[in-house]
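Observations on the model geometry
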Amino acid sequence: MVFDPILAALNERQAEAVQRTAGPLIVLAGAGSGKTKMLTSRIAYLIDRCDVPAHHILAVTFTNKAAGEMKDRVGRILKIGFGSDPWSSGPWMGTPEIGTFHSVCLRILRREGVLTPFSRPFVIYDDSDQLSLIKTVVEKLGIDDKQFSPKALQAGINGLKCDAIEPHELRPEHHNLFDRQLKRVYEQYQKDLFANNAIDFGEILCMTYRILRDHPDVRRRYQERFRYIHVDEYQDTNRAQYLLLSMLAKAEFGGHQNICVVGDEDQSIYKWRGADIRNILDFERDYPGAQVVKLEQNYRSSQNIIRAASQVIRNNSQRKDKTLFTENEEGELLRRFQVADERAEAELVVSEIRRLSGEGSRNYGDFSIFYRTNAQSRQFEDVLRREKIAYQIVGGLRFYDRKEIKDVLCYFKAILNPTDSISLKRILNVPARGIGKTTIDKLEELQLRLEGADSNLWSALGMAARDPSITSAATARKLAAFVGMIEKFMLEQPRLRLSELYHLVLDETGYVRELRKEGTDEALARIENLEEFDTLLQEFEEDLLGPLPVEDQAARFRELLAIFLEQSALVSEPEPGKAVQDLGPSVKLMTLHSSKGLEFPVVFLVGMEEGLFPSIKGWEPESEEDIEEERRLCYVGITRAREILYLTHATMRRIWGNFNYQEPARFLDEIPGGLVTYRDLSRAARPMAAPVRSASYFDEHDQRDEGDSIEGRWLEHPEYGRGKIVASEGSGMEIRVTIDFAGSGRRKFLWRYVSAYLR
DNA sequence: TTTAGCTCAATTTTT
DNA sequence: TTGAGCTAAA
């Protein structure tokens, strides 16, 4: 066989997945098994070895981060660059299409603009814009927002959009009171959304799906275009994404069904947001003749960590037959700690971080703390701050979600698209210019009376500004000033760079001046964010305009705004530009959900208590399905760790101001006792004791290697001195070990009593 | 029109 | 317990 550097870098299974290019293929990729490596190699292989023109290749991911990484790696293998081609006027040629579901769909929507209901460039509504619009719809329809909360209706609408269900498909006669209102609101919401020339996240996918479904000619074009389809994190796809993919992979025009999906059913943790685990479990049924490749070798974690993870996840019934293994070293035992309460938990974790980082080879960036709920982060932050240890919360408040940034973005959106009533309403009185609720109510009332295309807030504003009898002379003057200001922005926009437009907006509105007047720490932080936003705009422009000849740059100013708005809607964090300083290594704090896809040498999995993790909704009986999702979450957490894994749980925890006595998480019992050391710090004065639990999993299943990991290890007993473990028996919390002490011969102990003496 | 007190709810989150 | 969002007073 000819030496091939692409294949040579892969293991046998990975290489198999790369080479099976024809027909449907499902790759079941365990945690840390080199899935991205396989995917990127496959794309490179198709282009470089199979001579597939790059533009025939499509790869979709869920996050920008994943898409960026994939582009990076494909680019490096093939030594090509991905010009962002934001001008989108040219043909899609030259590079594979790699992007998120949403960015790919938006590109299709823009190309097929005539098939959309929009009359001008559309803006993207995020969840809070969406909620605002739903509130206006609820009010317009005279629905009681106490009985039917806009939030619940929003969840309902988004749930339906995840399933690609349109309002007319809902038959009210079969539904309860809520569903009947939901149908009404959904119907009106869609109308108003489109009238605002706006689209929400769910609709981006649904609309694309409908266009492909309803227009065979268009469908055909995209099927011929995307001949090799790759889908990352397939276990997280929802119904709408599934249907969308089937439109592209249908192969009804003599095509080839070259669809390669990659995923891990054991890491499916987004059911609550519409992900349908059946998509991955049923792939072989949906695509008859599909080939299956399993990537089971883990390159990330120690033996002990992989064993623990495998034993936990094997308790799930909803999974495929897949077993992770590793050739890495056995490594350290897992470390389980019981502590008195959440405060003690934080103290323990931070002192361990101190201790390990003091030993030399590790810095703070090697540690991470995973919790089930965001509320748990506070204790850790308090102690870390007190100890002056650098830390960073991953996935907190997103940059573009900050109030001041959203305000500015709404000015931008209104300038681009004044029919966007939601954005207009948001900025109407920001900063305060004396336009209050009464006035807004009158404007909205007027808007409802206006006909057709004029039925929007902008038109209403114009009328009220000209006609003082609608409000009052004073108010009409204020409105006229506002309208005049926005018109000025719209007029200037095509002649200005974004950063210039930005400064014009800040100057004319006096936004920063108002914040200065406020003078609080919070206001100052806002000003700083606005400054960062300025830098970000300049970098954005430089990236886009830089490559163009100077004389062409000004010609692009008009488009700049639309492109920027689209990016800011689809991206949660701006690209880490040169402006953002590196703060050095820091401990990372995050929810278990945010930890997916990451890895750390040392992981602390905290709050492992029944009710908290697994999380249990008090008001309904726990379902096996929900527990399995929590177990997958636990599996994700464990498999993030490379070398050392801590598992902590508190005896008592304050939740919503109440003291709760907590039971250890059931997942702790599912980890073979021989893989962990256990230490009870919750009753420090008394000898260590573990809570005795009911029969563990291992009493009913064969578990030959239960104590294997501990035999041969040395420990230092406070009474008997140095000794070696020569034998073990029993299982779970009842493992007994025989220790051979140098001075006093052999003795038997319960493992949980002596595990902490391991050296 | 702004602000202070009150109620009410309360996993997980990317696009 | 915390916080966001909303109704009653300045």
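The numbers attached to residues start from 1 for each chain and follow its sequence in the written order. As a convention, the first chain written is A and the first ligand written is 1, with the rest following in written order. Per-residue local features of the predicted model are confined to residues with pLDDT of at least 70, and side-chain atom pairs are confined, for both listing and counting, to 80 or more; whole-chain, interface and lining totals are unaffected and use all residues. Side-chain metrics rest on all non-hydrogen atoms present in the structure, leaving aside hydrogens and water.

Around DNA strand C, the neighbouring residues are Lys135, Arg378, Arg654, Trp656 and Gly657. We call a residue near a given molecule or strand whenever any one of its heavy atoms falls within 4 Å of it. In DNA strand C, atoms within 4 Å of the protein come 55% from sugar and phosphate. Arg378 places a side-chain nitrogen or oxygen 3.2 Å from a phosphate oxygen of DNA strand C. Any N or O atom pair separated by 3.5 Å or less is treated as a polar contact, with the protein-specific requirement of one donor-capable and one acceptor-capable atom, and with residues adjacent in sequence counted only for side-chain atom pairs.

The strand order E3-E2-E6-E7-E1-E8 describes an open sheet built from six strands, whose pairing is parallel. Single-partner strands in this sheet number two, and they are strand E3 (97-100) and strand E8 (291-295). On average, each strand axis in the sheet is inclined to that of its neighbour by 15 degrees, with strand direction left out of account. Pairing between strand E6 (residues 228-231) and strand E7 (residues 259-263): three bridges, direction parallel. Across the sheet, residue Ile229 finds its bridge partner in E7, namely Ile259. Sheet contacts for helix H3 (residues 35-48): strand E1 (25-29), strand E2 (57-61), E3, E6, E7 and E8; angle to E6, the most-contacted strand, approximately 170 degrees. Contact definition: two residues touch when any of their heavy atoms are within 4.5 Å. For helices, the axis comes from a line fit to the C-alpha atoms of the stretch in contact; other axes are also lines fit to C-alpha atoms, and the angle between any two N-to-C directions lies between 0 and 180 degrees. To qualify as a helix, a DSSP run of H or I must reach at least 4 residues; to qualify as a strand, a run of E must reach at least 2; elements of each kind are numbered from the N terminus. Set on the sheet, helix H11 (residues 239-249) makes contact with E2, E6 and E7; between it and E6 the angle comes to about 160 degrees. The pairing criterion for strands is at least two bridges between them, as found by DSSP.

Relative to the elements of secondary structure, Glu16 occurs in helix H2 (residues 12-19). Exposure classes here rest on a 1.4 Å probe applied to the protein chains alone. A residue is buried below 20% of its type maximum, exposed above 50%, and partly exposed in between. When its relative accessible area of 19% is taken as the criterion, Glu16 is described as buried. Each C-alpha atom, one on Glu16 and one on Leu295, is 10.0 Å from the other, the two residues being 279 residues apart in sequence.

Let us look at the protein's contact with DNA strand B. Neighbouring DNA strand B are 29 residues; Asn64, Arg372, Arg398, Gly436 and Thr591 lie closest to it. Close to the protein, within 4 Å, the atoms of DNA strand B belong to sugar or phosphate groups at a rate of 49%. At 3.2 Å, a side-chain N or O of Asp127 approaches a base oxygen of DNA strand B. Interatomic distance of 3.4 Å between a side-chain N/O atom of Arg273 and a sugar or linking oxygen of DNA strand B.

Our next topic: empty space enclosed by the protein. Using only the protein atoms, space was sampled on a 1 Å grid; points where a 1.4 Å probe fits but cannot get out form cavities, open sets with protein on both sides within 12 Å along at least five of seven lines form pockets, and lining residues are those with an atom within 4 Å of a point. Grid points are joined across faces, edges and corners, and a volume is the space filled by probe spheres set on the points. Scanning the entire structure with this criterion turns up three cavities of 30 Å³ or more. In this structure, the largest cavity occupies an estimated 70 Å³ of space. Forming the walls of the largest cavity are Arg336, Gly673, Val676, Thr677, Tyr678, Gly732, Met733, Ile735, Trp751, Arg752 and Ser755. Secondary-structure elements contributing two or more residues to the lining of the largest cavity are strand E19 (676-680) and helix H31 (751-754).

By nonpolar core we mean a set of buried residues, namely Ala, Val, Leu, Ile, Met, Phe, Trp, Tyr and Cys, connected to one another through side-chain atoms within 4.5 Å. Of all hydrophobic cores here, the largest spans 122 residues; its most connected members are Ile229, Val231, Ile259, Phe412, Leu461, Phe533 and Phe564. In this structure, Val231 is in contact with Val60, Phe101, Thr237, Leu245, Ile259, Cys260, Val261 and Val262, ignoring residues within four places of it in sequence. Core analysis: the next-biggest nonpolar cluster, separate from the first, contains 35 residues, Val312, Leu324, Phe613 and Ala665 among them.

Another point: the packing of helix H22 (residues 498-509) against helix H24 (residues 521-545). Look at H22 against H24: their axes get within 8 Å of each other, and the N-to-C directions meet at 155 degrees. In terms of their interaxial angle, H22 and H24 are classed as roughly antiparallel. Contact residues: H22 offers Leu498, Ser499, Tyr502 and His503, while H24 offers Leu530, Phe533, Asp534, Leu537, Gln538, Phe540 and Glu541. Split into classes, the residues belonging to the contact of H22 with H24 amount to six nonpolar, three polar and two charged. Each angle receives one of four descriptions, namely roughly parallel if under 35 degrees, roughly antiparallel if over 145, roughly perpendicular if within 65 to 115, and oblique otherwise. In this classification, the charged set is Asp, Glu, Lys and Arg, the nonpolar set is Ala, Val, Leu, Ile, Met, Phe, Trp, Tyr, Cys and Pro, and all remaining amino acids, among them Gly, are polar.

Moving on, we come to the sheet that holds strand E13 (residues 391-393). Spatially, the seven strands line up as an open sheet ordered E13-E14-E12-E15-E16-E11-E19, and their pairing is parallel. One side of each edge strand has no neighbouring strand; the edge strands of this open sheet are E13 and E19. With strand direction ignored, the average angle separating the axes of adjacent strands in the sheet is 20 degrees. By the bridge criterion, four bridges tie strand E12 (residues 367-371) to strand E15 (residues 600-605) in an arrangement that is parallel.

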